[in-house]
Structure formats: structure tokens, C-alpha cells
Amino acid sequence: MIPSIKTSIKQSCAVWIAMALLIAAAVIFLSDNTKSAGYMRLVPYHSKALDLFFTVFTYLGDGIVILLLAVVLLIRKKKWIGVAIIVSYALSGLLAQLAKYIHPSPRPAVFFRQLGLPFHEIPGVTLMNSMASFPSGHTTSAFALLVVLILFYPKSKWNLLWLFLAVAVGYSRIYLGNHFLADVTAGATLGIISAFGTVRILAFYSGAKKTTVP
């Protein structure tokens, strides 16, 4: 069954408020800091343990993990949420890639190298020569999944935890040296839009299909 967006929002008001406050805080931080200063304030410290942790943790926003979850849900006969996860992942990925194409932007390693400033590289993880920083694809996917889960399970006691994990995926992209906060914030926004769009599309499709059944 496709959830009612209006009803789901009412039933999960706290998590939506928390999400809005986080995005607002990110926008305020961006307005008060230059690109380089903001990055250094968000990532003031590195350690081998944190490098390893975030290298693994960031895969929560990876397509393989998200699609695997969708497959598991489909196998368990949770059709619509499984389909919603797949469609939102595809839609959010398309929007993210389109944005990267329209607005090529240097990743942190390239940006800091152009400024002649030192930069912490995590070998095999940090992308050193890429111009596809904006937006963060992992964050886009993570927030698309988050919003689908909230819309389908608005009363779940785990929703704030899912929000924390999505935010942590976004931070992992900054920590690993692959994105700036602006990239992550834009990715989160695209993910949210993609999830809402997906649920509306599926609701329309489901309603149209019912009206054609004799």
C-alpha cells in the first residue's frame, strides 16, 4: 500500500522538524564560513581508526547496499516499499549525475591543491583528481532511502536513528575528503525531493491501475 504523504508527515512530525533544523544549520554554517575554512572546521582531526571507520561506514549510502535492502524487502513480499526504494535510488542518482554534469566542481583534494594548501589523503579512498564534487551522490542516495522509510513507516521508533545514520553518511563523505558541506547539503535536498517524487509517482500509478481493473 502506498502511504499518504500528508498523513505520514503528521505522524512523524518530530523527525521532519529535526531534518529541517539540520539543513537550516548547514545553510547557516555555509553562509558564515568560506569553503576552505568550513571544511577545516568540520574535519579538524584524522586518525587511522576514524579513516577505517568512515571508509566502511560510507557504504551505507552505496547503491549496492540500498538495492540489496530493496531486494530483501521484495523477497519478504513488501512490494511497494521495495519498489519505492529502487525508484527513488534511480531518480536521485539521475538528478545527482545531472547536477554534476551541469555544475562541475573540484573535489576537496583538487580545491586545496589549487590553493597550495596541505590536504589529508586517505589512499584508495580520497578522489584526488575529480571535478564531480557537487552534489554528494552517497548522501543523495542515503536521504532518498531515509525519506522513503519514514513515509512508509512514519510511526517507527527507529526514524530518528535512520536520520542520524543518513547524516553520518553525509559527514563520512566530508571526512574522507571527497565532498564539501555544500555538496552534502545539496545531496540531502535532492534525496528528499526524489523520495517525495517517487511516492507521488507510485501513488498515481497505483490509483490509475486500480481504475483500469474491470
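The model shown is predicted, which means the values in this text are computed figures rather than measured ones.

Novice: Describe in detail the overall build of the protein, supporting the description with residues and values.
Specialist: Scanning the protein from terminus to terminus reveals 10 helices and 0 strands. Beginning at the N terminus, the succession of helices and strands in the protein can be written as α-α-α-α-α-α-α-α-α-α. Its C-alpha radius of gyration of 18 Å places the protein within 12% of the 17 Å reference for a compact globule of 214 residues. Over its C-alpha atoms, taken along the principal directions, the protein stretches across nearly 70 × 35 × 30 Å. Counting across all 214 residues of the protein, residues that qualify as buried make up 46%. Total accessible area on the protein is roughly 11600 Å²; 72% of this is exposed by carbon and sulfur atoms. Across the protein, the centroid of the 18 positively charged side chains sits 20 Å from that of the 5 negatively charged ones.

Novice: Could you give me a rundown of the nonpolar core, with the residues and numbers involved?
Specialist: Most often, soluble globular proteins keep nonpolar side chains buried together rather than apart. With 33 residues, the main nonpolar core has Trp-16, Met-19, Ile-85, Phe-143 and Val-147 as its most contacted residues. Listing elements by their share of this core, those giving two or more residues are helix H2 (13-32), helix H5 (63-75), helix H6 (79-102), helix H8 (137-152), helix H9 (159-175) and helix H10 (181-212). When residues in this core are grouped by element, the largest group, 10 residues, is from H8. The residues touching Trp-16, leaving out its near neighbours within four places in the chain, are Ser-8, Ile-9, Val-147, Ile-150, Leu-151 and Phe-196. Phe-112, Ile-174, Phe-180 and Leu-181 belong to the second-largest nonpolar core, a separate cluster that totals 14 residues.

Novice: Summarise the packing of helix H4 (residues 48-57) against H9; cite the residues concerned and give the values.
Specialist: Axis angle and axis distance: for two packed helices, these are the angle between their axes and the distance between the axes, and together they describe the pair. Contact geometry for H4 and H9: axes closest at 9 Å, N-to-C directions at 125°. Our classification of the angle between H4 and H9 gives oblique. The chirality of how H4 crosses H9 is left-handed. On H9, the residues touching Leu-50, Asp-51, Phe-54 and Phe-57 of H4 are Leu-165, Ala-168, Val-169, Tyr-171, Ser-172 and Tyr-175. Broken down by class, the residue content of the contact of H4 with H9 amounts to 8 nonpolar, 1 polar and 1 charged.

Novice: Which residues make up the environment of Val-83, and what are the values?
Specialist: With respect to the helices, strands and loops of the structure, Val-83 is situated in helix H6. For Val-83, a relative accessible area of 25% translates into the label partly exposed. With near-sequence residues (within four places) excluded, Val-83 lies in contact with Leu-74 and Leu-202.

Procedures and definitions
- All residue numbers here refer to positions counted from 1 along the written sequence of the relevant chain.
- Selection of residues for local features in this predicted model requires a pLDDT of at least 70, selection of side-chain atom pairs for listing and counting requires 80 or more, and totals for whole chains, interfaces and linings are taken over all residues.
- Hydrogens are left out, water is left out, and the side-chain values use all remaining heavy atoms of the structure.
- In DSSP terms, a helix is any run of H or I states spanning at least four residues, a strand is any run of E spanning at least two, and both are numbered starting from the N terminus.
- Using C-alpha atoms as the atom set, the radius of gyration is obtained and then compared with a globule rule of 2.2 Å times the number of residues to the power 0.38.
- For every residue, the accessible area (1.4 Å probe, protein chains only) is compared with the maximum for its type, and the residue is labelled buried under 20%, exposed over 50%, or partly exposed between those bounds.
- Throughout, the Shrake-Rupley method with a 1.4 Å probe supplies accessible areas, and for residues the shown protein chains are the sole cover considered.
- Only four residue types enter the tally: Lys and Arg on the positive side, Asp and Glu on the negative side, with His and both chain ends excluded.
- A charge is said to be at NZ when it belongs to Lys, at CZ for Arg, at CG for Asp and at CD for Glu.
- In plain words, nonpolar cores are sets of buried Ala, Val, Leu, Ile, Met, Phe, Trp, Tyr and Cys residues tied together by side-chain atoms within 4.5 Å.
- Only heavy atoms matter for contacts: two residues are in contact if any of them lie within 4.5 Å across the pair.
- Every axis corresponds to a line fitted to the C-alpha atoms, with the helix fit spanning only the stretch in contact, and the corresponding angles, defined between N-to-C directions, vary from 0 to 180 degrees.
- What sets the label is the angle itself: under 35 degrees gives roughly parallel, over 145 gives roughly antiparallel, 65 to 115 gives roughly perpendicular, and the rest give oblique.
- Handedness of a helix crossing follows the sense of rotation of the near helix relative to the far helix, less than a right angle counterclockwise being left-handed and clockwise being right-handed.
- Gly is put with the polar residues, along with every residue not named as nonpolar or charged; the nonpolar set is Ala, Val, Leu, Ile, Met, Phe, Trp, Tyr, Cys and Pro, and the charged set is Asp, Glu, Lys and Arg.

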